[in-house]
Structure formats: C-alpha cells, structure tokens
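Next come the chains, spelled out residue by residue.
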Amino acid sequence: MNQSSKIYVAGHRGLVGSALVKVLNQLGYKNVIGRSHSEMDLANQSMVLDYFAKEKPEYVFLAAAKVGGIHANNTYPAEFIFSNLQIQNNIIDASYRYGVKKLCFLGSSCIYPKFARQPMEEGQLLDGKLEPTNEPYAVAKIAGIVMCQSYNRQYNTNYISVMPTNLYGPGDNYHPENSHVLPALIRRFHEAKINKLPEVVIWGTGNPLREFLYSEDMARACVFLMQNYDVSGDPKGGEHVNVGSGIEVSIKELAETVKAVVGFPGNLTFDLTKPDGTPRKLLDVSKLHRMGWKHEVELRAGVALAYEDFLQKQN
C-alpha cells in the first residue's frame, strides 16, 4: 500500500473498522473509503458487486461482521452464521472479481477448539470441537479463513487472515445484554457509581484468565501485516496470524482495573454459585512478534480511553 492507494474498510463504523480508519489517516493514507449499512447492505451480493465495480478499491480490510457476547450468540445463532457468511463471501469474491491487490480478513479467537492447548497457536485450527455457545459465529469465521486460502490457491490472490484476541476501545458495544466482558464491566461499574450502589457482583470466582487488546493496536497490527505479510504463491494458501497482547489478566484483576478507572467506591464481590467458564484463553502471538510487531497500549491506559468513549456516548 502507498499513501495514495484506494483502501476500502468494510465495517468502518465498528470497533475495529473505525480504529482502522483512524490509524490509516494518522499514517497518511489519503484515500480511505467506506459505506454505512444504510447505504449498502453487505449481505446483498448485487449491492457489493456494484460498489466494487464503481469504486475499484485496491486494498480491502474486511472488518464488517455481526458480533455479540454469549447471550447474543445463543439467542440469534441463525442470524450470526447467515449474516457473517454472506458478508465475507460477498466481499472476498468481489475483491477477486474486481482485481483487489490485497485483502485482510478479520476473524476471532473463538475459531479455536474449546479445549485448545494454551496459549493457542495458529496450527490448532480445526484440531477439536468448538465452544457450543458461539459455534455459528466461529464456523463462519473459519469459513472466511478457508475461503481466503482457497482463492489464494486457485487464483493466486494475496488474501491474509488475522485472528484477534478480545478487543475493546472506542466504538465498542456497551449494551447490557449483548456486549463483551470489558465494555459490560465499564457500564456496570459506571451505573453502580451513578446510582450509588454498595457493590458490583461478578459471576464466578474471578480466577479465569483472559487476554485483551486495544482496538487501535489491532488496527496497527492489520496495517503492519498488510505491508509485511505476503501469502501469494503459498501452496497451502497462507496461514492466518494471531493478533494479541500476549498478556493474561484474571477477571478479578480486570474488574478491579475497571473499578479503579471508573472511580466506583463500593465493593467488588463474586457470586460463587455462578460458573467461571473457560479457565484460560490466551493466543500464542510469537509468530507476529517474530515479524517485528508488538502492542503499544497497556490495559489500564486502554480502559481509561474506553471509559472516556463510553462517557461521550452517554451525552
């Protein structure tokens, strides 16, 4: 990519997409384009093909997806698999048909088996059964990886796939039922503070370990890989790349960090009658580190930035 390249960010208003637009602009890329859902339904193939025929982007970041937490995945499984398959199929195929030079497909760490060895390395894909609660979403993302590899093998395209860990940051979803753990904690501690509640209760023991990455770090990693990771000519179609911080934090430590950033003065308690979930979930990011990329924003600083974003959304 050069600074005059036409770059299409699919999902440019989402958590990662908006971070990508911001980072690309900061790096001097002058020709970044996008369309909102009201302007173009990415699940509609004819609309996507028409857009590519008109705009002819040179590079594509495929950050558009239907996303949500465990509750949303359990409640709307058909929507999650259908929408995500449609979106990625349309954009990947349109990229081939209209000569896109390189595409970056964004997946999710939920592609790995439920009982994957920790930390989870790229080679463990399709090595066991998935976590049932988000299986439809995970299957769609796995299909996206395989589709990129298949187009690379058959058409000699250069479509890379990146698998991020748990992301957070500006533009996140803070919905009380459909959000992920970190934005959900921000909302809960903020509301407890405003309503002067004596405590915030967290499910389980607080012992499970998780990994988090600030959204703009994810965006910087995607741009880095677009510039430095080439899979064209690979007979297997190219392996995906894990993107994360490589740093674990317990749910208890995470909750205490959010509590401190929000300034909630009450107590933090744990409901031991509720399940913990997976004990540990960490990506092996050694492949990315060997390429020369590491995250910049540490957790507490990132949570503070995310809380500022949350407060702005309340106004």
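Residues numbered from 1 in each chain as written. Predicted model: local features only at pLDDT ≥ 70, side-chain atom pairs only at ≥ 80, totals over all residues. Heavy atoms only, no water.

### Here we look at the sheet that holds strand β4 (residues 102-106)
Here is the rule we go by: Two strands are said to pair when DSSP picks up at least two bridges between them. In this text, helices come from DSSP runs of H or I with a minimum length of four residues, and strands from runs of E with a minimum of two, each type numbered from the N-terminal end. Note on contacts: a residue pair is in contact if any heavy atoms of the two residues lie within 4.5 Å. Note on method: axes are straight lines fitted to C-alpha atoms, helices fitted across the in-contact stretch only, with angles between N-to-C directions ranging 0 to 180 degrees.
Spatial strand order, β2-β1-β3-β4-β5-β9: six strands in an open sheet with parallel pairing. Looking at the sheet topology across the chains shown, the edges are occupied by β2 (32-33) and β9 (241-243). Strand direction decides the pairing type here: β4 and strand β5 (residues 159-164), joined by four bridges, are parallel. Each residue of the ladder has a partner; that of Leu106, found in β5, is Val162. Sitting on the sheet, helix α1 (residues 15-26) touches β1 (7-10), β2, β3 (59-62) and β4, and the angle it makes with β1 is about 155°.

### Regarding the packing of aromatic side chains
The condition that has to hold: In summary, the pairing rule links any two rings of Phe, Tyr or Trp, Trp by its six-membered ring, whose centres are within 6.5 Å, and it sorts them by plane angle into stacked for under 30 degrees, edge-to-face for over 60 and tilted for everything else. Buried, partly exposed and exposed residues are distinguished by accessible area as a fraction of the type maximum, computed with a 1.4 Å probe on protein chains only: under 20%, between the cut-offs, and over 50%, respectively. Criterion for a charge above a ring: Lys NZ or Arg CZ within 6 Å of the ring centre, and within 35 degrees of the ring normal.
Inspection of the entire model under this criterion finds eleven aromatic pairs. Ring geometry for Tyr8 and Tyr51: centres 5.0 Å apart, planes at 55°, overall tilted. Of this pair, Tyr8 sits in strand β1 while Tyr51 sits in helix α2 (residues 45-55), and the two are 43 residues apart along the sequence. Residues Tyr8 and Tyr51 agree in their burial class; the two are buried. Grouping aromatic residues by their ring pairs yields a cluster made of Tyr8, Tyr51 and Phe52. When the ring centre of Phe80 is taken as reference, the NZ or CZ atom of Lys66 above it lies at 5.4 Å. Of note, Lys274 hangs over the ring of Trp203, and the distance from its end group to the ring centre comes to 5.5 Å.

### A short note on the sheet that holds strand β8 (residues 209-214)
Read across the open sheet, the three strands follow the order β6-β8-β10; overall the sheet is mixed. Strand pairing shows two members of the sheet lacking a second neighbour, β6 (166-168) and β10 (248-250), which therefore form its edges. Sheet twist, expressed as the average angle between the axes of neighbouring strands with direction ignored, equals 50°. Against the sheet, helix α7 (residues 215-228) contacts β6 and β8, and its axis sits at roughly 70° relative to β8. Across the sheet, helix α8 (residues 251-262) touches β8 and β10, and the angle it forms with β10 is around 80°.

### Description of the UniProt feature "site: Important for catalytic activity" (unreviewed entry) in the chain
The condition that has to hold: UniProt positions are given in the numbering used here, feature names are shortened, and annotations may be inferred rather than shown by experiment.
As recorded in UniProt, the feature "site: Important for catalytic activity" (unreviewed entry) lies at Ser108 and Cys110. Relative to the assigned elements, Ser108 resides in the loop between β4 and α5 (135-155). Classification of Ser108 by relative accessible area gives buried; the value is 13%. Apart from residues no more than four positions distant in its own chain, Ser108 is found in contact with Tyr137, Lys141, Met163 and Pro164. For Cys110, the position within the fold is in the loop between β4 and α5.

### Here's the deal with the environment of Leu299
With respect to the helices and strands, Leu299 occurs in helix α10 (residues 299-314). Leu299 sits 54 residues away from Ser245 along the chain, and the two C-alpha atoms are 9.5 Å apart. Those residues in contact with Leu299 that lie beyond four places of it in its chain are Tyr168, Leu182, Phe212, Val249 and Leu254.

### Observations regarding the pattern of salt bridges
The cut-off we apply is this: Basic side-chain nitrogens of Lys or Arg form a salt bridge, by our definition, when they fall within 4 Å of a carboxyl oxygen of Asp or Glu.
Scanning all chains against the criterion turns up 16 salt bridges. For Glu191, the salt bridge is made with Arg187, and the minimal N-O distance between the two is 3.0 Å. Pair noted here: Glu191 and Arg187 are both in helix α6 (residues 181-194), with a separation of four residues, about one helical turn. When the shortest N-O distance is used, the salt bridge between Asp271 and Lys274 registers 3.2 Å. Residue Lys274 is classed as partly exposed on the basis of its relative accessible area of 30%. A cluster of three or more residues bridged by salt bridges with shared partners is formed by Lys6, Arg35 and Glu55.

### Quick notes on the pairing of β5
Heads up, the rule is: Orient the strands so they point away from the viewer; a crossover is then right-handed if the path from the first strand over the helix to the second runs clockwise.
Burial runs high along β5: six of the six residues are buried. Neither face of β5 is exposed, since Tyr159, Ser161 and Met163 on one face and Ile160, Val162 and Pro164 on the opposite face are all buried. With respect to chirality, the unit in which β4 leads through α5 into the neighbouring parallel β5 is right-handed. In terms of strand pairing, β5 meets β9 through three bridges, oriented parallel. Bridge assignment links Pro164 to a residue of β9, and that residue is Val243.

### Remarks on the nonpolar core
Formally: In this description, a nonpolar core means a group of buried Ala, Val, Leu, Ile, Met, Phe, Trp, Tyr and Cys residues linked to one another through side-chain atoms lying within 4.5 Å.
Of all hydrophobic cores here, the largest spans 38 residues; its most connected members are Tyr8, Leu42, Phe52, Ile91, Ile92 and Leu103. Those elements that place two or more of their residues in this core are β1, α2, β3, α4 (77-97), β4, α5 and β5. At seven residues, α5 tops the list of elements feeding residues into this core. In contact with Leu103, not counting residues within four places along its chain, are Val60, Ile91, Ile92, Ser95, Cys148, Asn158, Tyr159, Ile160 and Met226. By size, the runner-up hydrophobic cluster in this structure holds 32 residues, among which are Leu20, Leu24, Met218 and Tyr229.

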